[in-house]
Structures are given as structure tokens and as C-alpha cells.
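# Overview (structure and organization)
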Amino acid sequence: MMAAQTALIEPSARSLDRPIWAALSSHQESLAVRVGRARAFPADMAAFAATDPRAPDAESDLVDLVRARRDGVTFMQVDPVFPSSSLQCARKAMGVQMVLDGDLAESESAGLERLSAQDVPEMLRLVAATEPGPFLSRTIQLGAYWGIRHNGRLIAMAGERMRLSGYTEISAVCVDPSHRRAGRARRLVRRVGLDILRRGEVPFLHTYADNESAIRLYGDLGFRLRRYVHITTLVSA
């Protein structure tokens, strides 16, 4: 198990407590689907949603937003979500939020390929086989994605998802089960992370709290636990 949640939080990192709201209020504000004081990514980009932390009475707006989404919406934030009787919790899990502490070693670029919209069908098949977290038909528009092929077939990938002031999230890190233990995930995370660092931003990422192998990999690369996060999917009651 991970060590206890760190008690020290840099003031500049407070936006990471609610990264979805922060992203949809800064770099990715133009993408936001707005219902009053609730915001979400477009349904074919990400299932994520959040409410204005300054508006604790935003429940009615959230209800309207959830009702418009057949599969509901997912919150990912430090504070827990308590839905009203108009909503129900379809899934709850604990995750960890990790932030890069320092620099990344240069990554060997040979064999790494910048992915594009034409690669999305293959990316969706890889995600279905590995379940790294949500990746949808337009998720690739959120940032740069890199992949590795074997005999022409996409077997590993990673990319950028949420962007907020000073930070970019690394996401969809996955490797085909028959091609693991060869350092491909490590190379891809470095590649994506280096791009983020060169923009003057800090890479961060999320994974489930019980995914010990991923946590160990990210820790070896220099990512450190920042906070535990509540991952909650809400649907209409």
C-alpha cells in the first residue's frame, strides 16, 4: 500500500485538488459543456464533470447535466461527492494523484510514433484490451499521443488529457498484455512528460490506488504521491 497522504501541498498546486474543474476553467475552457455551475467535457472526449467549488448549491445544475448523459458523469477530486436523491452513485473507487518531482531522463525516440485521428480505431481496440481508463473517439484532441507498433500493430500508447494552468495530465498509459515487461510504458511516459516539461508545465497523472505496478513504475520515473482522489460516477436515479 502507498504511504499516508502527504500533508504538504504547495499553494500553486491547489487547482489539482479539483483538476477537472480547473482544466475546464482554464486551458480547456473552450471545450466545456456548461449547465449553470456544472461543467463537463464533451461526451465523446471524456466522461469527466465537476461543479464550481465556490457554489456548494450547484446540485440542481449537476442533476440537469447528468440527465443529459446516458452513461452519467465521473468526478475525480480530493473531496468526496455526495449525490442528492435525484442522482445515484454507479461506481466509487479511490485513486492516487502523482506529480513529477524534478526532471525526466531523455527518452529513446526510435520506434515511437506520434498518433493522429486516423489511428483512433486502433487506439480504441488497445484501450478495450487493457482498460487504462476512459479513452473515447475524440479524446485524442485533448493533447499529443504517442504509440509503439510491433509488426505494424499498435501495442502501446500514452498521451495528454487534462490541461490546467501550469500542469498537464499524462493519461491512457497502456501496453498490450503480450508485450509487457519491455520498458515500453516507461519510454512513453518519458516521451509525453518531456513534451510537457518543455512547455514549462509540470506533468501529473492518476491511477487507481490498488494499481501497485503502475504506482511503482511512476515512482521510479520520479512521480510522487500528492493526494488520494475520489473517483465517483453519477447517473440519474
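Whatever comes next refers back to the structure up there.
Report on the accompanying structure. Here the structure is a predicted model, which means the values were calculated and not measured. (Residues numbered from 1 in each chain as written. Predicted model: local features only at pLDDT ≥ 70, side-chain atom pairs only at ≥ 80, totals over all residues. Heavy atoms only, no water.)

Looking at the element boundaries, Val229 is found in strand β11 (residues 223–236). You can call Val229 buried: its relative accessible area is 0%. The sequence separation of Val229 and Gln118 amounts to 111 residues, and the corresponding C-alpha distance is 33 Å. Those residues in contact with Val229 that sit more than four places away from it in its chain are Met76, Gln77, Val78, Ala93, Met94, Gly95, Val96, Gln97 and His206. (Helix = DSSP H or I, 4+ residues; strand = E, 2+ residues; numbered from the N terminus. Buried < 20%, exposed > 50% of the residue type's maximum accessible area, 1.4 Å probe, protein only. Contact = heavy atoms within 4.5 Å.)

Taken together, three strands build an open sheet; the order of strands is β1-β2-β3 and the sheet is antiparallel. For this open sheet the edge positions go to β1 (33–35) and β3 (49–51), each flanked by a neighbour on one side alone. Going from strand to strand, the sheet's axes swing by 20° on average, the running direction of each strand aside. On the sheet, helix α2 (residues 59–67) packs against β1, β2 (38–40) and β3 and is oriented at approximately 30° with respect to β2. (Pairing = 2+ DSSP bridges. Axes fitted to C-alpha atoms, helices over the stretch in contact; angles between N-to-C directions.)

Okay, the pairing of strand β4 (residues 73–77) next. The buried count for β4 comes to five of five residues, which makes it a mostly enclosed element. Burial along β4 is two-sided: the face carrying Val73, Phe75 and Gln77 and the face carrying Thr74 and Met76 are both buried.

Okay, the sheet that holds β11 next. Overall, mixed pairing links the eight strands, which are arranged β4-β11-β5-β10-β9-β8-β7-β6 in an open sheet. Every interior strand has two partners, whereas the edge strands, β4 and β6 (112–114), have only one. Taken over all neighbouring pairs, the strand axes of this sheet differ in orientation by 30° on average, direction set aside. With six bridges joining them, strand β8 (residues 153–164) and strand β9 (residues 167–175) adopt antiparallel strand pairing. Considered in β9, the bridge of Leu164 is made with Tyr167.

Now for unusual backbone geometry. Note on backbone geometry: most residues besides glycine have negative phi, and most peptide bonds are trans. The residue Ala172 is not glycine, and still its phi comes out positive at about 55°. Mapped onto the elements of the fold, Ala172 is located in strand β9.

Tallied over the full model, the rule gives three aromatic pairs. Each ring, one from Tyr167 and one from Phe204, has its centre 6.3 Å from the other, and the planes form 85°; the classification is edge-to-face. Highlighted residues: Tyr167 in strand β9 and Phe204 in strand β10 (residues 202–208), separated in sequence by 37 residues. An identical accessibility class is assigned to Tyr167 and Phe204; each is buried. With a centroid separation of 6.2 Å and an interplanar angle of 65°, the aromatic rings of Tyr218 and Phe223 are classed as edge-to-face. Across this residue pair, the class does not change: Tyr218 and Phe223 are buried. The positively charged end of Arg191 is found above the aromatic ring belonging to Trp146, 5.2 Å away from the centroid. (Phe/Tyr/Trp six-rings, centres within 6.5 Å; stacked < 30°, edge-to-face > 60°. Lys NZ or Arg CZ within 6 Å of the ring centre and 35° of its normal.)

Read these as layout, nothing more, since geometry by itself doesn't imply function.
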